Amino acid sequence: MHATDTDILAAAETWRRDGRDVALATVIETWGSAPRPVGSHLVIDGGGNFLGSVSGGCVEGEVITEGLDVIADGRSRILEFGVADETAWRAGLSCGGRIRVFLERVA
């Protein structure tokens, strides 16, 4: 069962309140076939725990790894995954679409 956006954002707020370092990933753009719609969220804490989904498969793993980097360096970033990109197969987005994901540290 997928967590709702409300669950994911509530978890981010609770994790911050509990003193955890947190990053939030949000799908900001899609083209063609994409597993999750614009506005989908994934929240990551400094221990690598996560809730939600921005794509599925290996893309999630890449987003979680980048999320840990955002937590460490505090710099937001935009990630792009697509079938034309060599990362499509490595990161598991072989569905023919592309997605852009915004990653930010939650203060």
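Above this text is the structure in question.
Residues numbered from 1 in each chain as written. Predicted model: local features only at pLDDT ≥ 70, side-chain atom pairs only at ≥ 80, totals over all residues. Heavy atoms only, no water.

**Student:** Give me the lowdown on the overall build of the chain, citing residues and values where you can.
**Tutor:** Within the chain one finds three helices and five strands. Reading the chain from its N terminus to its C terminus gives the helix and strand order α-β-β-β-α-β-α-β. Per-residue burial over the chain gives 37% buried out of 107 residues. Nonlocal contacts in the chain, meaning residues at least 24 apart in sequence, comprise 53% of its contacts between residues at least 6 apart. Total accessible area on the chain is roughly 5600 Å²; 50% of this is exposed by carbon and sulfur atoms. (Helix = DSSP H or I, 4+ residues; strand = E, 2+ residues; numbered from the N terminus. Buried < 20%, exposed > 50% of the residue type's maximum accessible area, 1.4 Å probe, protein only. Contact = heavy atoms within 4.5 Å. Areas by Shrake-Rupley, 256 points an atom, 1.4 Å probe, with all protein chains shown as cover.)

**Student:** Which residues make up the nonpolar core, and what are the values?
**Tutor:** What tends to happen in soluble globular proteins is that the nonpolar side chains get buried as a cluster. Core analysis: the largest hydrophobic core is formed by 16 residues, its most contacted members being Ala25, Leu42, Val54, Val63, Phe81, Val101 and Leu103. Mapped by element, the contributors of at least two residues to this core are β1 (22–31), β2 (41–45), α2 (57–73), β4 (77–82) and β5 (98–106). Considering every element that reaches this core, the biggest residue donor is α2, with five residues. If we ignore the near neighbours within four places in the chain, the residues touching valine 101 are Ala25, Thr26, Val27, Ile28, Val54, Arg77, Ile78 and Leu79. Trp15, Val22, Leu24 and Val43 belong to the second-largest nonpolar core, a separate cluster that totals seven residues. (Core = buried A, V, L, I, M, F, W, Y, C linked by side-chain atoms within 4.5 Å.)

**Student:** Please give an account of the sheet that holds β2 that cites residues and values.
**Tutor:** Strands sit in the order β3-β2-β1-β5-β4 across an open sheet of five strands; the sheet is antiparallel. Two strands bound the open sheet, and with one partner strand each, they are β3 (50–52) and β4. When strand polarity is set aside, the average angle formed by the axes of neighbouring strands in this sheet is 20°. In the sheet, β4 pairs with β5 via six bridges, with the strands oriented antiparallel. By the bridge assignment, phenylalanine 81 is partnered in β5 with isoleucine 99. (Pairing = 2+ DSSP bridges. Axes fitted to C-alpha atoms, helices over the stretch in contact; angles between N-to-C directions.)

**Student:** Got a sec to walk through the pattern of salt bridges? Specific residues and values, please.
**Tutor:** Within this structure, the stated rule accounts for nine salt bridges. The partner of arginine 77 in a salt bridge is aspartate 73, and the shortest N-O contact between them spans 2.7 Å. Residues arginine 100 and glutamate 80 are paired through a salt bridge, measuring 3.8 Å at the closest nitrogen-oxygen approach. With arginine 100 in strand β5 and glutamate 80 in strand β4, this residue pair connects regions lying 20 residues apart in the sequence. Residue classification places glutamate 80 among the partly exposed positions, given a relative accessible area of 38%. Bridged by salt links that share partners, the residues Glu29, Glu80, Arg98 and Arg100 form one connected network. (Salt bridge = Lys/Arg side-chain N within 4 Å of Asp/Glu carboxyl O.)

**Student:** Pulling in residues and values, what's your account of the environment of arginine 100?
**Tutor:** Given the relative accessible area of 23%, arginine 100 is considered partly exposed. Along the primary structure arginine 100 and isoleucine 78 are separated by 22 residues, whereas in three dimensions their C-alpha atoms are 6.6 Å apart. Residue contacts for arginine 100: discarding those within four places in its chain leaves Thr26, Val27, Ile28, Glu29, Trp31, Ile78, Leu79 and Glu80.

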